[in-house]
Each structure stands twice: as structure tokens, then as C-alpha cells.
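# Overview (structure and organization)
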Amino acid sequence: MTTCHGPSRRFLLQSALVASALPFLPRISLASASAPTELVAKPGKASLWEEGGPLADIWGYDGGVPGPVLRMRQGETLRVNFRNELDQPSTIHWHGIRIDNAYDGVAGLTQEPVEPGQTFEYLVKAPDAGTFWYHPHNRSWEQMARGLYGVLIVEESEPVAVDRDLVMVFDDWRLDEARQIDVASLGMLHDWAHAGRLGNVLTVNGQPYLKQTVTPGERLRLRVLNTANARVLQLRFAGLAPVVLALDGQPVEPYPLADEILEIAPAQRCDLMIDMPGEAGVFKVEEVSRDPFAACELRAEGEPIARTAPLPETLRLPGNPLASALDLEGALSVDLLMEGGAMGRMGAAMLHGERKGMRELMEAGKVWSFNGIAGSHHDPALFSTALGRTVRMPIVNDTRWPHAIHLHGHHFKVLSRNGAPVAREEWRDTVLTAPGERVEIAFVADNPGKWMLHCHMLEHQAAGMMSWFEVS
Ligand code: C2O
Ligand code: CU
């Protein structure tokens with residue numbers, strides 16, 4: 001077994017690791033339009049293997065991983081001066097923000113890539129409150145594997161009644177024997193044709209083992225993000241009875257997590273409410289998709305929180321101004337068929353307008369298709385729609401691999417899975433589809449412009465699972 005595949009040594013090691021306590025101190029900027037925020041993509045160092053251990057060379061926003069936590073208020077516009085100090089072109093995409101198209105950050109579609117040494121000013125107007133993130137949209141599979149991403153929190157206009165608002169951003173890394181990012185395997189077609197680049201080290205907030213101190217009895221809002229290139233995580237919050245408040249930034253009718261396990265695909269977010277038990281104790285958050293291992297912990301210390309009044313039973317986040325009235329009868333229907341990958345049936349696909357066999361596709365680094373097209377930015381739009389029209393999209397995963405399908409500029413409602421209506425109303429920007437599954441989504445195309453639609457397993461995106469649509 002190589003370091004690249006199968007249950008990793010590192011994951012197993014981690015459960016036995018006793019790291020010294022060092023609470024995560026996020027670098028927070030409360031930004032506003034008047035004072036622009038500077039973000040610089042540049043090389044940096046991070047201790048990913050173990051606390052105080054060897055430093056890995058990373059690429060990060062302001063040289064850190066994750067980049068600064070940006071906070072803004074709903075409805076406000078954040079002005080970001082981006083400077084690229086990498087040696088390759090980059091951009092910033094504001095994942096999940098229903099942004100003005102000009103600032104969506106897609107190199108080759110909504111803007112020219114920002115060349116090394118160049119700058120670009122983003123105006124990030126956020127109609128929705130919630131948990132979002134930012135990352136490059138040029139060679140994402142490389143730039144994000146090297147550490148470029150950060151969290152963007154849009155605060156509700158009225159503060160939400162919790163005692164503590166915490167971020168846990170999960171990422172997995174593929175490190176080599178020297179504890180450096182395994183750059184030799186970047187772009188390996190084998191990964192691209194399988195699950196994507198899976199790592200062998202998991203970090204939370206950039207730390208190999210995060211110890212987050214809290215107070216017994218506190219009500220937490222825990223913002224969980226998965227920024228991994230390709231790994232779907234199963235996180236168990238044993239003993240904490242988490243309640244789901246929001247998915248991909250959009251509030252839901254609160255419900256408890258079944259078995260205290262959160263399944264979260266690349267790019268997805270989940271806001272959880274956790275009422276800490278009244279006594280001191282240590283609560284490990286475990287990743288359980290393979291052999292369970294502790295990824296981080298919540299450590300309740302000290303006297304329980306003093307309250308003058310009991311907490312309300314649960315917490316309902318205020319709704320966002322989504323166009324939620326779907327016209328399913330008059331909708332434009334667009335099928336999305338995913339094919340390809342290892343053990344798939346795809347024998348040929350269109351590449352730059354010409355039909356190509358598997359060998360030629362592989363030579364071009366393409367192994368997946370959407371509707372028979374191994375996609376790139378150069379292809380024509382998958383569909384065009386009039387502003388305000390409802391689009392319904394049955395998505396069929398005819399492959400042996402899970403895929404996390406992401407739409408830019410919009411949030412969609414998940415209507416059904418394999419023909420069965422979903423139990424709870426769920427608005428998302430990224431939906432996980434299992435091998436063989438058919439998931440139907442719908443949304444109102446109310447944001448004009450050219451918008452990407454792709455798999456957020458970043459290697460799949462690069463290898464053909466990308467397209468775009470136009471709203472005008
Ligand atoms: Cu999170 Cu097209 O991206
Ligand atoms: Cu995929």
C-alpha cells in the first residue's frame with residue numbers, strides 16, 4: 001500500500017497522538033466597503049504533521065492556512081484587494097455567495113486570470129447570511145491542495161443568540177516522507193480517474209490536532225466546512241447531540257444529526273448548534289468513514305456558564321432572501337449525465353468540439369464527461385435561460401464514484417433522490433451524489449451572467465466534469 005491510498009498511517013497515528021494544548025486563534029477581519037481588505041496569495045509555512053513538528057511549504061492567503069477568517073454583515077459589500085504573489089496565475093472565487101457575476105472569480109469565464117505580481121479588486125456583496133468560503137478558481141486542484149482557501153462569514157443583521165461562534169474547517173493533505181506537500185503526485189491521472197486526490201493527514205483550522213476550549217453549558221454555533229480537494233468526511237460528534245441549523249449557508253428547519261454523524265462533501269458547509277453538557281469534559285470529534293480517528297476535540301473546562309434565564313429549546317436562523325418560489329410546471333428542464341472515470345462505461349466524449357476516444361481523451365487529461373462532453377471553459381454553454389425562469393435539473397451519476405456537484409451564483413433546492421422526495425427542505429450550492437444515484441434539483445435563475453457548474457472533487461473538475469450556463 002502506498003501513502004496515497006487506503007487508510008493512512010497518519011490517520012491511525014493521529015488517534016494516539018497527544019498534542020499539547022494550543023487553542024485556535026483565528027485571524028479575523030471585520031471588513032467593510034470603506035476599508036478594503038488586502039488578501040495576498042503567497043508561499044508560506046505550516047506545521048501540518050504534528051504540533052510544533054516539521055514545517056511544510058504551503059501556498060496560503062497572507063501566507064497562512066487557512067487564510068484569514070473574513071467577517072462581514074449581510075447586505076454589505078466587502079472590498080477585497082487581491083494580490084497574486086505566486087508564480088502562476090490565480091483568482092478568488094467566493095464560494096456560495098450569490099455574487100455579481102463580474103466578481104465570481106472564474107478564470108477564463110468571468111475574468112482574466114490574475115498574473116503573478118498583479119492585483120484585482122473584488123466587490124463581494126452578500127445577500128445571504130451564513131457560512132461561506134473563498135478559494136482560487138484557476139488550477140484549483142493544485143492551488144487548493146497547496147493550501148489556498150479561507151472562511152467567509154456573513155453575519156445575520158440581528159445577532160444570533162449563542163454563547164460562542166466557532167469555525168472548524170477540515171482539510172486533508174497528501175504529505176510525503178519529508179512531511180512536505182507531495183507535489184510529485186499533483187496532476188496524477190490515476191487520482192483524476194478515481195476518487196480524486198485523497199490525503200493522508202487531516203487538519204482542522206490548519207492544525208494537526210485542534211483543541212478547542214469551551215465552557216460547560218455553553219450554546220455553540222459550530223461552522224463546519226470541508227475544503228478538501230476530494231475527500232467526503234463523516235464526522236462523529238459523540239456525546240454532543242448536534243442540531244443542524246444551516247446547510248451551505250442556508251438555514252433549515254433545525255433537526256438533530258442522526259447518530260451524531262455529519263456527512264460533509266468537499267465544499268459543503270454545515271452550521272451546527274451544540275449545547276455543551278453542564279460538566280467539564282473532553283469531547284473528541286472523530287472521522288469515521290474508515291477506522292475512526294480523532295480529528296480534534298472540544299474541551300469543556302471551568303465552571304458552567306451562569307444563566308439568568310433558561311435557553312430556548314432550539315435556535316432558528318432567520319431566513320435568507322432566496323427566490324424560493326419554484327415554478328416547476330413552467331421550468332426549463334436540463335438533464336445532467338455524469339460519465340467516465342475508472343471502471344466507468346465511457347468510451348468516447350467530445351473534446352473541444354471533436355469526438356475523441358478514451359486514449360486521446362486521457363492524453364489531454366480528460367477522463368470524465370457531462371452530457372458526453374469532456375468539459376473545459378472553451379465549450380459552449382450547457383444551457384441558457386431567461387432571467388427569473390425556474391430550472392430543474394435531474395442529475396444522473398452513471399459512474400462508480402461519488403461526485404459533489406456545485407452551481408455558481410445560485411442556491412438550489414434538492415427535490416428528490418432516486419425518485420423519492422427528500423424528507424426535509426434543503427437549499428444548497430453543492431450536492432453529493434452517490435454512484436448510480438439520480439438527484440433532482442431546481443432553482444430560480446435570478447442572477448444574470450455566466451455561471452460555472454462542476455464537480456467539486458477538483459481533479460474531476462479538471463478532468464472534464466465542468467460546464468457553465470448563462471442567465472440573461
Ligand atoms: Cu468552490 Cu467553482 O467552486
Ligand atoms: Cu466528481
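Residues numbered from 1 in each chain as written. Chains lettered and ligands numbered in written order. Predicted model: local features only at pLDDT ≥ 70, side-chain atom pairs only at ≥ 80, totals over all residues.

This brings us to the overall build of the protein chain. Helices and strands together make up the secondary structure of the protein chain, namely 5 helices and 35 strands. At 21 Å, the protein chain has a C-alpha radius of gyration in line with the 23 Å of a compact globule built from 472 residues. In terms of principal-axis extent, the alpha carbons of the protein chain reach across some 70 × 50 × 45 Å. Buried residues in the protein chain amount to 48% of all 472 residues. Taking all contacts inside the protein chain whose residues are at least 6 apart in sequence as the whole, residues at least 24 apart take part in 77%. (Helix = DSSP H or I, 4+ residues; strand = E, 2+ residues; numbered from the N terminus. Rg over C-alpha atoms; globule rule 2.2 N^0.38 Å. Buried ≥ 20, exposed ≤ 12 C-beta atoms within 10 Å, placed from the backbone. Contact = placed C-beta atoms within 7 Å.)

A few words on the UniProt feature "domain: Plastocyanin-like" (unreviewed entry) in the protein chain. Under the UniProt annotation, the feature "domain: Plastocyanin-like" (unreviewed entry) is placed at residues 52-157, 169-281 and 369-471. Between the end C-alpha atoms of residues 52-157 there is a gap of 39 Å, over a span that is 4% helix and 39% strand. For residues 369-471, the helix share is 5%, the strand share is 50%, and the end-to-end C-alpha distance is 23 Å. (UniProt positions renumbered as here; feature names shortened; annotations may be inferred.)

Through backbone hydrogen bonds, the strands of a sheet pair up, either in parallel or in antiparallel fashion. What the 5 strands build is an open sheet, ordered E12-E20-E19-E14-E17; its pairing is mixed. The outermost strands of the open sheet, each flanked by one partner alone, are strand E12 (210-214) and strand E17 (261-264). Taking each pair of neighbouring strands and ignoring which way they run, the sheet shows an average axis angle of 20°. Pairing of E12 with strand E20 (residues 293-300) involves 5 bridges; the strand directions are parallel. Counted as the bridge partner of Lys211 is Glu297 from E20. (Pairing = 2+ DSSP bridges. Axes fitted to C-alpha atoms, helices over the stretch in contact; angles between N-to-C directions.)

Per-residue confidence for the protein chain averages 92 on the pLDDT scale, and 93% of its residues sit at or above 70. Contacts from residues 1-27, a stretch scored under 50 in pLDDT, to residues over four places away or in other chains number 42 contacts. Our summary of model confidence lists the complex with pTM equal to 0.93 and ipTM equal to 0.98. (pLDDT = per-residue confidence, 0-100.)

Each domain of the protein chain was delimited in the assignment, giving domain 1 (9-156), domain 2 (165-300) and domain 3 (332-471). A C-alpha centroid distance of 25 Å is found between domain 1 and domain 3. Contact with domain 1, which involves 12 residues of that partner, is made by 16 residues of domain 3. In terms of residue class, the side of domain 1 that touches domain 3 is built from 5 nonpolar, 5 polar and 2 charged. (Domains from an automatic or database assignment. Nonpolar A, V, L, I, M, F, W, Y, C, P; charged D, E, K, R; others polar.)

A few words on the nonpolar core. The biggest cluster of nonpolar side chains holds 129 residues, and the ones touching the most others in it are Val124, Leu152, Phe170, Val224 and Ile441. Setting aside chain neighbours within four positions, we find Val224 in contact with Met168, Leu235, Leu262, Ile264, Arg269, Cys270 and Leu272. (Core = buried A, V, L, I, M, F, W, Y, C linked by C-beta atoms within 7 Å.)

To continue, consider the environment of Val106. Tracing the backbone shows Val106 in the loop between strand E6 (93-95) and strand E7 (119-125). Given 21 C-beta atoms within a 10 Å radius, Val106 is considered buried. As for Val106 and Gln461, which are separated by 355 residues in sequence, their C-alpha atoms are 13 Å apart. Contacts of Val106, omitting those with residues within four sequence positions, involve Thr91, His93, His137 and Met452.

A few words now on the sheet that holds strand E16 (residues 250-256). Reading across from one edge, E11-E10-E13-E18-E15-E16 is the order of the 6 strands in this open sheet, with mixed pairing throughout. Each of the sheet's edge strands pairs with one partner strand only, and the pair in question is strand E11 (201-204) and E16. Pairs of neighbouring strands in the sheet enclose a mean axial angle of 20°, with direction left out of account.

Take unusual backbone geometry next. Cis geometry is adopted by the peptide bond preceding Pro66, which originates at Val65 and carries an omega value of -10°. Here the phi dihedral of Asp259 falls at roughly 55°; this positive angle occurs in a residue that is not glycine. With respect to the element layout, Asp259 can be found in the loop between E16 and E17. On the basis of neighbour counts, which here come to 11 C-beta atoms within 10 Å, the residue Asp259 falls in the exposed class. With a phi close to 65°, Met343 is a non-glycine residue in the positive phi region.

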